[in-house]
Amino acid sequence: SLFSLVTLVDHLFAVHMQVGNACVLASRQYLGPDHPVRRFLAPFQFKTISVNDNARNNLINPQSMGPRNFAFTDKGTDLAWSVASEYTPSGAELRAVFGDDQASYLRLVLDYGAYVEFLKKHGGVDTPYRRQTLQLWNIMKNFVNSFLSQYYPTAEELARDSEVRCFVYTLLHELAFTTTNGLVPDPAENVRDCSAEELWQLTSNLLTRYCYLVTAGHEQVGTVPVYAQDVSFCAFHWPKGESCGTKQTAITSATLMSFTSTPMPLLMAEEGSEGDWTHLFEGPVTINGEPVGEAGAVPPAVKKAWVVFQAELKAMAAECDDFNNKALSADAQFPHCFGMWQTHPSHLETSVSV
C-alpha cells in the first residue's frame, strides 16, 4: 500500500500531476511574469514543469520505471490511474456532510486549518501529527496573508485584480475536472460571483494549500527511499508465497529511488544567505498593467514578512527537535515513542522533486 497506493495516488497523481500541474498552468496562463502572486509562487514552483515532465516520461508512461516497479499488470496500472482521483483531496470524506452547500464544503477542502479543527470537534481526532501540520499551516498562512496585504490592503483591491480572479477560477476549474464525483465543486458557482472577502479567503487558502502540499505534503507522501533500502522489510512487490522481494526488485527499486532523489532548495534559509529568495520580490511588480514599487528594491513590509516567516519556521523546528528527542528517549511510552519529521521545517524543500 505504501508504494502502490501512496506513491501512485497521493504522490504522483495528487501532488505532482494534479495540484502541481494545475497551479503552474493557472499561474503561467493568467499571472504576468511581474505579477506579485506569480513572484510569490516562484520558489514553490521551482522546476515543477521539468520535474513533472520527467515524472511522466519515467514514472507514468507504460514500461517506464514506475510501472516496472508497481505490483500491477499493465491493465492493473491503467485501472489504478483511472480511480486515483477518487482518493485524493483531504476533506473528501466529508462531502456528504454538507450536501448541497458546496461553498462551505469548498472552504473546508481548501482551508486545512478549518479541516483539522473540524476533525477535532466532530470526530475527536487530535494527534501530534495533526497538531504539527496545523502549526505549519498557520505559519504558512500568516506568510501568505502578510504578503498579499502589502499589495492589496483591502479585499476590494484584490477583487479588482482581473489576473488574480482568472488565476483562482482556472486553478479551481482544473482541480474540479481532475477529480470525480464532485469532490471539488465546479468553481462556476463559487468564484464567479463571490464577494471580495470570499475571494480573498479563496486566494489565501489556495496559495497556502499549494505551498503546504509541495513542501510538507510532498515530504509526507514522497519521501520513501529509506523504506526501499531493504526488500525484506518493504518491497514494491514480491513473489506469491514469499516473504520478501527478489534481487531484481531490489535493483529496480534502488534505481527508481536514485532517480527520484533530486535535491531542491530548502524552505528554511538565513537572511542574506544563498537560500534567501527575497530578491524575487524586488520592484516593480505589475498589478492590472500598472507598475508598483521601486525598481530594484524589496518593499520593507514584504522583507519583514519573509523574515518573520523564517523565524516562525525556526521556532517550530526547535519544537520538533524537542518532540523527537522525547519520543526517542529510553523512557518514552507507547504510543508516544515515535519521532516525526514530515513537518519538520529543517527538512522541507520549497518545491516538488523527482
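Look up: the structure comes first, before these words.
Considerations on the overall build of the protein chain
Argument step 1. In terms of regular secondary structure, the protein chain is built from 14 helices and two strands.
Argument step 2. For the protein chain, whose C-alpha radius of gyration is 21 Å, the value lies close to the compact-globule estimate of 20 Å for 354 residues.
Argument step 3. In terms of principal-axis extent, the alpha carbons of the protein chain reach across some 65 × 45 × 40 Å.
Argument step 4. Within the protein chain, buried positions represent 49% of all 354 residues.

Considering a nonpolar patch on the surface
Argument step 1. On the surface, a nonpolar cluster with roughly 330 Å² of combined accessible area is contributed by Val226, Tyr227 and Phe233.
Argument step 2. Position of phenylalanine 233 among the secondary structure elements: in the loop between helix H12 (196-222) and helix H13 (247-259).

Digging into the nonpolar core
Argument step 1. In this structure, Phe167 and Val168 are the most contacted members of the largest nonpolar core, which totals 97 residues.
Argument step 2. A total of 13 residues in this core trace back to one element, the largest contributor, which is H12.
Argument step 3. Setting aside residues no more than four positions away along its own chain, phenylalanine 167 makes contact with Cys23, Ala26, Ser27, Tyr30, Leu31, Leu41 and Leu207.

Digging into unusual backbone geometry
Argument step 1. Residues glycine 283 and proline 284 are joined by a peptide bond in cis, for which omega reads -5 degrees.
Argument step 2. Here the amide bond leading from phenylalanine 334 into proline 335 is cis, since omega sits at 5 degrees, within 30 degrees of zero.
Argument step 3. Within the chain, lysine 47 stands out as a residue other than glycine whose phi angle is a positive 60 degrees.
Argument step 4. Inspection of the secondary structure puts lysine 47 in the loop between helix H2 (36-41) and helix H3 (48-60).
Argument step 5. Positive phi is not limited to glycine here, since glutamine 63 has a value of about 70 degrees.
Argument step 6. Along the chain, glutamine 63 falls in the loop between H3 and helix H4 (65-69).

Focus: H13
Argument step 1. Here H13 spans 18 Å end to end across 13 residues, near enough to the 18 Å set by a 1.5 Å rise per residue.
Argument step 2. At its buried positions, H13 is contacted by H3 and H4.

Let's talk about helix H7 (residues 102-110)
Argument step 1. Among the residues of H7, those classed as buried are Ser104, Tyr105, Leu106, Leu108, Val109 and Leu110.
Argument step 2. Residues of H7 that are buried sit in contact with helix H6 (95-98), helix H8 (112-123), helix H9 (128-151), helix H11 (162-176) and H12.

Remarks on the packing of H9 against H12
Argument step 1. The N-to-C vectors of H9 and H12 enclose an angle of 135 degrees; their axes lie 9 Å apart at closest approach. Relative to H12, the element H9 is oriented oblique. The element H9 and its partner H12 pack so that their crossing is right-handed.
Argument step 2. Of the residues that constitute the contact of H9 with H12, the class distribution is 11 nonpolar, 10 polar and two charged.

Focus on the pattern of salt bridges
Argument step 1. Per the counting criterion, the structure on display carries seven salt bridges.
Argument step 2. Among the ionic pairs, arginine 56 bridges to aspartate 53, the shortest N-O distance being 2.7 Å. Residue arginine 56 and its partner aspartate 53 are both found in helix H3; the two are separated by three residues, about one turn of the helix.
Argument step 3. Where glutamate 271 meets lysine 303, a salt bridge forms, and the shortest distance between an N and an O atom there is 3.9 Å. With glutamate 271 in the loop between H13 and strand S1 (285-287) and lysine 303 in helix H14 (residues 300-327), this residue pair connects regions lying 32 residues apart in the sequence.
Argument step 4. What emerges from the salt-bridge pattern is a single network uniting Glu271, Asp276 and Lys303.

Structural notes on the packing of H7 against H12
Argument step 1. Taken N-terminus to C-terminus, the directions of H7 and H12 make an angle of 35 degrees; their axes are 9 Å apart at the nearest point. Residue-level inspection shows Leu106, Val109 and Leu110 of H7 in contact with H12, the latter providing Leu202, Asn205, Leu206 and Arg209.
Argument step 2. Of the residues contributing to the contact of H7 with H12, the split by class is five nonpolar, one polar and one charged.

Focus on the environment of aspartate 276
Argument step 1. Note that aspartate 276 resides in the loop between H13 and S1.
Argument step 2. In this structure the C-alpha to C-alpha distance between aspartate 276 and tryptophan 306, which are 30 residues apart in sequence, comes to 9.2 Å.
Argument step 3. Ignoring anything within four residues of it in the chain, the contact list for aspartate 276 reads Ala269, Glu270, Glu271, Lys303 and Trp306.
Argument step 4. In terms of polar contacts, aspartate 276 uses its side chain to reach the side chain of threonine 278, at 2.6 Å.
Argument step 5. A polar side-chain atom of aspartate 276 sits 3.3 Å from a polar atom in the side chain of lysine 303.

Points about the environment of glutamate 156
Argument step 1. In this structure, glutamate 156 sits in helix H10 (residues 155-159).
Argument step 2. Considering only alpha carbons, one finds glutamate 156 and leucine 199, 43 residues apart in sequence, at a separation of 9.1 Å.

What counts and how
- Residues numbered from 1 in each chain as written.
- Predicted model: local features only at pLDDT ≥ 70, side-chain atom pairs only at ≥ 80, totals over all residues.
- Heavy atoms only, no water.
- Helix = DSSP H or I, 4+ residues; strand = E, 2+ residues; numbered from the N terminus.
- Rg over C-alpha atoms; globule rule 2.2 N^0.38 Å.
- Buried < 20%, exposed > 50% of the residue type's maximum accessible area, 1.4 Å probe, protein only.
- Patch = residues over 30% accessible without salt bridge, like charges linked within 9 Å, V, L, I, M, F, W, Y side chains within 5 Å.
- Areas by Shrake-Rupley, 256 points an atom, 1.4 Å probe, with all protein chains shown as cover.
- Salt bridge = Lys/Arg side-chain N within 4 Å of Asp/Glu carboxyl O.
- Core = buried A, V, L, I, M, F, W, Y, C linked by side-chain atoms within 4.5 Å.
- Contact = heavy atoms within 4.5 Å.
- Expected span 1.5 Å × (residues − 1).
- Axes fitted to C-alpha atoms, helices over the stretch in contact; angles between N-to-C directions.
- Parallel < 35°, antiparallel > 145°, perpendicular 65-115°, else oblique.
- Left-handed = near helix turned anticlockwise from the far one by under 90°.
- Nonpolar A, V, L, I, M, F, W, Y, C, P; charged D, E, K, R; others polar.
- Polar contact = N/O pair within 3.5 Å; in protein donor to acceptor, adjacent residues only side chain to side chain.

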